[in-house]
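Here is what each chain is made of, one letter per residue.
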Amino acid sequence: MLRRALNRVQENWKSYRHRFVPWVVLNLSKNEKTLRQVTDRSKDKLVPDQEVSESLLQLFSVLLRSHGADHEELRGAQSHLLRKETTKQHQCEQEAMLRSLGFCIARKPSTLPFAGTGVFVTKGCVSKGATVAMYPGTVYQAYEPILLQSIRNPFVFRCIDGVLIDGNDKGISKVVFKSCSGRDRMGPFLMSDTSWLSSSPQNPLAVGQYVNNCSNEYPANVCYQEFDVPDKFPIMLRQYLPNVNYSTDSQRPLRCVVLVSLRDITAGEELFSNYFTIVH
Ligand SMILES: C[S@@+](CC[C@H](N)C(=O)[O-])C[C@H]1O[C@@H](n2cnc3c(N)ncnc32)[C@H](O)[C@@H]1O
């Protein structure tokens, strides 16, 4: 009897696609209306991988060109201009995003009370089905240990196949990401971007870990979608990927998670996702 009940709990638990564990335990019962329901695993993706890939390639190519041009211009600049340089970099990334994707996003205090920081569309308009943000962090395969890093960490994101992404930009999570990113360098080429750990990421999409959960008042306008980086993804552009494998012996392609818009979203709106999806 007890075993059957436990099995049922386990089965239900397995059908949750994405979860932030502490949040689910405390809030699921209060917020059942905000669950995302999907009839089949194969129907979960809102847009094909090819479209996600094209959006990323478009943005990363513009970023590469503008960073290159910017560095040329700033070569020889004196160190007291560093602050100015950072502001200029930030503007250049926002322009690259507006030019290539037609919108800008940024972190700001959430519209919801007690929800900390959120992510907003600050310029332009997001069309339905667009890649709006990326979920940065260290990627752990289901069999890899994450115990220490997961303690009191609200940023551990769980995919349906058990892969975990630790998107915390502080403490031990930050140290682990930096160390894995440094390890995976290929000669002069960086295979991932560590700047999402700062307040001004080079890849302006890499703030998806700050998207808050929807509520009855604010329904979800974005959803999570896995994107496994294909082998043919250009080496030069991998420096903008905000994810890195924890272990070197992972034979799988690098797992990224993107947030895709569920409807058109206009400037001024906050992004809200579903922290839980049930796959029937
Ligand atoms: C992945 S983090 C999102 C970023 C977070 N807002 C922050 O400033 O660090 C998840 C945490 O955000 C908060 N949060 C997310 N959605 C919320 C909501 N609808 N209402 C209140 N708090 C929320 C909870 O504290 C949750 O554990």
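Residues numbered from 1 in each chain as written. Predicted model: local features only at pLDDT ≥ 70, side-chain atom pairs only at ≥ 80, totals over all residues. Heavy atoms only, no water.

Undergrad: I tried to follow the layout of surface pockets on my own but got confused; where do I start?
TA: A water-sized probe rolled over the atoms picks out the places where empty space is left. By volume, the second largest pocket is sized at about 390 Å³. Looking at the second largest pocket, it is lined by 19 residues, and the ones nearest its centre are Asp184, Arg238, Asn245, Arg252 and Leu254. Tallied by class, the residues present in the lining of the second largest pocket amount to eight nonpolar, seven polar and four charged. (1 Å grid on protein atoms, 1.4 Å probe; cavity = no way out; pocket = protein on both sides within 12 Å on 5 of 7 lines; lining within 4 Å. Points joined across faces, edges and corners; volume = space filled by probe spheres on them. Nonpolar A, V, L, I, M, F, W, Y, C, P; charged D, E, K, R; others polar.)

Undergrad: Where do I start with the sheet that holds strand E3 (residues 117–126) in this structure?
TA: Whenever strands of a sheet pair, they do so through backbone hydrogen bonds, lying parallel or antiparallel. Across the sheet, which stays open at both edges, the three strands sit in the order E2-E3-E12 with antiparallel pairing between neighbours. The sheet is open, and its two borders are formed by strand E2 (103–109) and strand E12 (265–266), each paired with just one other strand. Where E2 meets E3, seven bridges bridge the pair, whose relative direction is antiparallel. Bridged to Cys104 within E3 is Lys123. (Pairing = 2+ DSSP bridges. Helix = DSSP H or I, 4+ residues; strand = E, 2+ residues; numbered from the N terminus.)

Undergrad: Got a minute to help me understand the pairing of strand E9 (residues 222–228) in this structure?
TA: On a regular strand, each side chain points to the face opposite its neighbour's, so the side chains alternate between the two faces of the sheet. For E9, the tally of buried residues reaches six of seven residues, placing the bulk of the element in the interior. Where E9 and strand E11 (residues 255–261) come together, seven bridges link them in antiparallel fashion. Bridge pairing links Asp228 to Arg255 in E11. (Buried < 20%, exposed > 50% of the residue type's maximum accessible area, 1.4 Å probe, protein only.)

Undergrad: Can you walk me through unusual backbone geometry in this structure?
TA: A negative phi holds for most residues other than glycine; trans holds for most peptide bonds. Of note in this structure, Phe114 is not a glycine but carries a positive phi near 65 degrees. Mapped onto the secondary structure, Phe114 falls in the loop between E2 and E3. The exposure class of Phe114 is exposed, given its relative accessible area of 89%. Although it is not a glycine, Arg152 adopts a positive phi angle of roughly 50 degrees. When you line up the elements, Arg152 lands in the loop between helix H5 (147–150) and strand E6 (156–158).

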